[in-house]
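Each chain is listed here by its residues.
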Amino acid sequence: MEKKDDKLSRSLANYLEARCTLQSEKLPLLAALAKIAAADITSAMDVPSFRNSAMDGFAIRRATIASATVTHPVTLQITGTIAAGDIVASHGKDLCAVQITTGAFIPEPFDAVIPIEAVAVAGNKATFIRPAREYENIRFPGEDVRHGQTVLRRGEVITAEHIMLLASLGIGRINTWKLPDLYLFATGQEIIDNTDTSLPEGKIYNSNAPYLMARCREEGFTAHYSGIIADDAAQFEERISLVKAGSIIVTTGAVSKGVRDFIPESLKRLGATTHFHRVNIRPGKPVLFATLPNGSWFFGLPGNPISAAIGFRFFVKPLLRVLQGLPVEQPIMARAENSFTKNGNFRQFLKTALKVGPKGELRATIVSGQESFKIKPLAETNAWVVLDEDRLECMPGSFVPVFFFGAGGTPLSLQPLRDVPFTCKN
């Protein structure tokens, strides 16, 4: 008999293996932060683009001070000053020194720069007490970036460091993949969005929507909060049918087995194909994934805050990654600081404080307060330890797989997949 886990794995694989041709868009540098490059970018120039000084000092011709020593110094006339940004129309002279600032153009035939602190200056004379090394303190064209060199590759996550590099090349816009817009709905007559008023009896403030919107912003894609839908199937179906085709729709609540958990039946009436509903995980068991006839993806996340957070992190985010040509994310490994025992054969996601130990090793502390309604422990941690179905416990010192909450884990846990073919599967 096939295990539920096998069905889940196959269902997840089916949608993770799907590839869809995305449109690309050119965005200004800052708007492209955290997005995925849709094309290689090569440099149209050398950086530096001209010979320049790495120091404040004096530009000289090496041969003129080759004999300089402390006991037999060499003195040259200072014939001018070149500051960074100056346009230099003439060449330097053999038997002279020119005062120069960091980054300034170095004219021929000067072939070294002596730091200002190593030179004795008196009036318009500069005295040197040692010879210069070959090309001392000179930066050459293309020493950092060469003309034609690839500086950003298709499939790379665009970081602030990339933006610095591209800005140095005069590149103001980046070709990125245009992800589908995400539309977020909350369900339940018990939740309210207005946090400026006192809380009516029996109501709760909506914490899922602000969290998920913040997570979307952190991940670098466009999300729209579409408000609360009361426990009304007809209203839900009307609102969902108005979402533009090819979007990602995320809802919270109404996917379990309660009397007001209407979403599974509503999806049937909307003609959706449900790929899975209820998976062998804790928290977040009721999570649902479906596709709508208009090409939209639908994720029904449970209403408990921690279940919603897990649903987004481990179900919505994988789709966003694969749409951009990124590989299935792999965990990092850390040593457990404490023990934990599961009470069943399910995959469990555990709120975890990840830190660096005294010897530089990653240490994972599974905190108390793992219940799916407890938000405070989530705010005090930064990662998930994931215990698979066949692992019932972890002991202090054992290795455990860890995923960061969100984009903060990128340097450690996410690596771009280059040159991924994009083909549509209908």
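For the structure, check the block above.
Because the structure is a prediction, the values reported are computed rather than measured. All residue numbers here refer to positions counted from 1 along the written sequence of the relevant chain. Only residues with pLDDT of at least 70 are given local features in this predicted model, and only at 80 or more are side-chain atom pairs given and counted; all residues enter the totals for whole chains, interfaces and linings. By convention in this description, side-chain values take in all heavy atoms of the structure and omit both hydrogens and water.

Novice: I would appreciate a short explanation of the sheet that holds strand S18 (residues 273–277) in the present structure.
Specialist: Paired through their backbone hydrogen bonds, the strands of a sheet run either parallel or antiparallel. Only strands joined by at least two bridges in the DSSP assignment are considered to pair. Runs of H or I in DSSP of at least four residues are treated as helices and runs of E of at least two as strands, each being numbered from the N terminus. Taking strand neighbours across the sheet as the criterion, the 6 strands line up as S16-S13-S17-S21-S20-S18 in an open arrangement whose pairing is mixed. Lying at the two open borders of the sheet, with one neighbouring strand each, are strand S16 (223–229) and S18. For this sheet, the mean angle separating the axes of adjacent strands, direction not counted, is 15 degrees. With 5 bridges connecting them, strand S13 (residues 182–187) and S16 associate as parallel partners. Looking at the pairing, Ala186 lines up with Ile228 of S16. The contact definition used throughout considers only heavy atoms, calling two residues in contact when any of these lie within 4.5 Å. To obtain each axis, a line is fitted to C-alpha atoms, and for helices this fit is confined to the stretch in contact; angles are then taken between N-to-C directions over 0 to 180 degrees. Contacts from helix H3 (residues 208–219) reach S13, S16, strand S17 (248–252) and strand S21 (297–301) within the one sheet, and its direction differs from that of S16 by about 170 degrees. Taken strand by strand, helix H4 (residues 233–241) contacts S13, S16, S17 and S21, and its axis lies near 165 degrees from that of S16.

Novice: Please explain the pairing of strand S5 (residues 74–82) as it appears in this structure.
Specialist: Along any regular strand, the residues point their side chains to alternate faces of the sheet. Here S5 runs beside strand S9 (residues 125–128); their pairing, made up of 4 bridges, is antiparallel. Following the sheet pairing, Leu76 is matched in S9 by Ala126.

Novice: I tried to follow the side chain of Asn280 on my own but got confused; where do I start?
Specialist: Inspection of the secondary structure assignment puts Asn280 in the loop between S18 and strand S19 (281–282). Whenever two N or O atoms come within 3.5 Å, that pair is a polar contact, provided that in protein one can donate a hydrogen and the other can accept it, and provided that, for residues adjacent in sequence, both atoms are side-chain atoms. Polar side-chain contacts of Asn280 include one of 2.9 Å to the backbone oxygen of Asn345.

Novice: Any chance you could explain the layout of surface pockets here in plain terms?
Specialist: The rolling of a water-molecule-sized probe over the atoms marks out the regions of remaining empty space. A pocket here means an open set of points on a 1 Å grid, computed over the protein atoms alone, that has protein on both sides within 12 Å along at least five of seven lines. A cavity is instead a set of points where a 1.4 Å probe fits but cannot get out; residues with an atom within 4 Å of a point line either one. Grid points are joined across faces, edges and corners, and a volume is the space filled by probe spheres set on the points. The calculated volume of the second largest pocket comes to roughly 490 Å³. Forming the walls of the second largest pocket are 30 residues, and the residues nearest its centre are Glu190, Gly253, Pro302, Gly303 and Asn304. Of all elements in the fold, only S13, strand S15 (204–205) and helix H6 (305–323) reach the threshold of two or more residues within the lining of the second largest pocket. Residue classes follow a fixed rule: Ala, Val, Leu, Ile, Met, Phe, Trp, Tyr, Cys and Pro count as nonpolar, while Asp, Glu, Lys and Arg count as charged, and any other residue, Gly among them, counts as polar. Along the lines of polarity and charge, the residues of the lining of the second largest pocket split into 12 nonpolar, 13 polar and 5 charged.

Novice: Explain the environment of Asn175 to me, please; I cannot follow it from the model alone.
Specialist: Looking at the element boundaries, Asn175 is found in strand S12 (residues 173–177). Each residue touching Asn175, except ones within four places of it in the same chain, is listed here: Ser24, Glu25, Lys26, Ile36, Ala37, Ala38 and Ala39. A distance of 3.4 Å separates a polar atom in the side chain of Asn175 from a polar atom in the side chain of Ser24.

Novice: For this particular structure, what's the right way to read the sheet that holds strand S6 (residues 96–100)?
Specialist: With mixed pairing, the 6 strands of this open sheet are ordered in space as S7-S4-S6-S5-S9-S8. Two strands lie at the open edges of the sheet, namely strand S7 (112–115) and strand S8 (119–122), each paired on one side alone. If you compare each strand with its neighbour and ignore which way they point, the axes differ by 35 degrees on average.

Novice: Could you clarify how one ought to interpret the pattern of salt bridges in this entry?
Specialist: Where charged atoms from two side chains of opposite charge come close, those side chains can pair. For this analysis, a salt bridge means a side-chain nitrogen from Lys or Arg found within 4 Å of a carboxyl oxygen belonging to Asp or Glu. Going through the model one piece at a time under the given rule, you end up with 15 salt bridges. Note that Glu237 is salt-bridged to Arg269, the shortest N-O span being 2.8 Å. In this pair, Glu237 sits in helix H4 while Arg269 sits in helix H5 (residues 263–269), placing the two residues 32 residues apart along the sequence. The buried category is assigned to Glu237, whose relative accessible area is 16%. Relative accessible area decides the class of each residue, using a 1.4 Å probe on protein chains only: under 20% of the type maximum gives buried, over 50% gives exposed, and in between gives partly exposed. By relative accessible area, which is 53% here, Arg269 ends up exposed. Arg313 is paired through a salt bridge with Glu329; the nearest N and O atoms lie 2.9 Å apart. In this pair, Arg313 is assigned in helix H6 and Glu329 in the loop between H6 and strand S22 (332–336), connecting sequence segments 16 residues apart. Overall, Glu329 belongs to the buried group, its relative accessible area being 13%. In the salt-bridge network here, residues are joined through shared partners; they are Arg130, Arg133 and Glu136.

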